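# Structural features, examined
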Amino acid sequence: MSTKSVLGEVREVQLAIQLIHLGARLQFLESEVGLSRERLIRLYKEIKGVSPPKGLLPFSTDWYMTWLANIHSSMFYNMYQFMKTHSDEEKVWVLIKSYKLYLQQIEAQESEPILDFTRAYTMVRFFDSDMLQLSTCCRCAGQFVAHAHDHKSGYVCVLCRPPSRAGKARGSERAAAGEIAVPGMESIGLAVESALDGGGLH
């Protein structure tokens, strides 16, 4: 006789639907959702109209160190940290709500998301594995993603000291020209507090 709760299964399906809409890969779905692989694949096909993409998850921390990726990654992880500290929800829901807030901030700036959901999830795992850390910029006092065990003293972030060719890559010309403002860490804090005060994201 099956002992599975019907309501519990409904919640698992709802979680899977949210994750698939955000772009979660099948590996992530299998680790976070208690549905069988076959059901997850069928659900993915129904929602996306295609089979889930194959391939390995990102395995290098170097991607998060490039100029624009570091800005977006740092913005997302500051949101995630704030929500994790001030919320009693499960980790996966903190991740979902933080990523939705990140997308809202990017949309408000009329920009394009650089950090996809898989990268965001992988970055959180890198932090949990002590492969990444937050370093405080000695000029702006913002906290930015950096390799773990890097020297924190005298650290200058990519906003205060951008590389010479920053903004010249495809898709970032508008940001370099000042048409797109990258939200500062103080506005991130206000956005997160507003989201929490308003009952969270949906």
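Up top you'll find the structure we're talking about.
Residues numbered from 1 in each chain as written. Predicted model: local features only at pLDDT ≥ 70, side-chain atom pairs only at ≥ 80, totals over all residues. Heavy atoms only, no water.

## With respect to the overall build of the protein
The line we're drawing: Helix and strand assignments come from DSSP, with helices taken as H or I runs of at least 4 residues and strands as E runs of at least 2, each series counted from the N terminus. Each residue is assigned to one of three classes by its accessible area relative to the maximum for its type, calculated with a 1.4 Å probe on protein chains only: buried under 20%, partly exposed between the two thresholds, exposed over 50%.
Check the secondary structure of the protein and you find eight helices and two strands. Mapped from its N terminus to its C terminus, the protein presents α and β elements in the order α-α-α-α-α-α-β-β-α-α. When burial is assessed residue by residue, the protein has 42% of its 202 residues classed as buried.

## Digging into the packing of helix α1 (residues 6-22) against helix α3 (residues 37-48)
Helix-helix packing is described using two parameters, namely the angle between the two axes and the distance between the axes. Heads up, the condition is: Axis geometry follows a simple rule: fit a line to the C-alpha atoms, using only the stretch in contact for helices, then measure angles between N-to-C directions, giving values from 0 to 180 degrees. Roughly parallel refers to an angle under 35 degrees, roughly antiparallel to one over 145, roughly perpendicular to one between 65 and 115, and oblique to any angle outside these ranges. Take the far helix as the reference: if the near one is turned anticlockwise from it by less than a right angle, the crossing is left-handed, and if turned clockwise, right-handed. The contact rule is simple, with two residues in contact once any of their heavy atoms fall within 4.5 Å. For this scheme, ten residues count as nonpolar: Ala, Val, Leu, Ile, Met, Phe, Trp, Tyr, Cys and Pro. Four count as charged, namely Asp, Glu, Lys and Arg, and the remainder, Gly too, count as polar.
For the pair α1 and α3, interaxial distance at closest approach is 10 Å and the crossing angle is 50 degrees. Judged by the angle between their axes, α1 and α3 are oblique. Crossing handedness for the pair α1 and α3: right-handed. Here E9, V13, A16, I17, I20 and H21 of α1 lie close against α3, whose contacting residues are R39, L40, L43, Y44, I47 and K48. By residue class, the composition of the contact of α1 with α3 is eight nonpolar, one polar and three charged.

## Looking at the nonpolar core
So the rule is basically this: Buried Ala, Val, Leu, Ile, Met, Phe, Trp, Tyr and Cys residues form a nonpolar core when they are joined through side-chain atoms within 4.5 Å.
L19, L29, F76 and M123 are the most contacted members of the largest nonpolar core, which has 41 residues in total. Broken down by secondary-structure element, the contributors of at least two residues to this core are α1, α2 (26-32), α3, α4 (67-86), α5 (91-108), α6 (117-128) and β1 (132-136). Broken down by element, this core gets its largest block of residues, eight residues, from α5. When neighbours within four sequence positions are excluded, F76 is seen to be in contact with L95, S98, Y99, Y102, L115, A120, M123 and V124. Counting residues in hydrophobic clusters, the runner-up holds five residues, among them C137, F144, V156 and C157.

## Overview of α3
Applied cut-off: Multiplying one less than the number of residues by 1.5 Å gives the expected span of a helix.
Here α3 is twelve residues long and its end C-alpha atoms lie 16 Å apart, about the 16 Å a rise of 1.5 Å per residue gives. Here the buried face of α3 lies against α1 and α2. Looking one or two places after α3, you find G49, whose phi comes out positive at around 80 degrees.

## Some words on the packing of α4 against α6
In contact at an axis separation of 11 Å, α4 and α6 are set at 70 degrees when each is read in the N-to-C sense. Relative to α6, the element α4 is oriented roughly perpendicular. For the crossing formed where α4 meets α6, the hand is right-handed. For the pair α4 and α6, contact is made by S73, F76, Y77 and Y80 and by A120, M123, V124 and F127, respectively. Looking at the contact of α4 with α6 residue by residue, the classes come out as seven nonpolar, one polar and no charged.

## Focus: the pairing of strand β2 (residues 143-147)
Here is the rule we go by: The criterion for strand pairing is that DSSP finds at least two bridges linking the strands in question.
Both β1 and β2 contribute to a ladder of five bridges, which runs antiparallel. Bridge pairing in β2 links Q133 to A146. Linking β1 to β2, which pair antiparallel, is a turn of six residues; within it A141 sits at a positive phi near 70 degrees.

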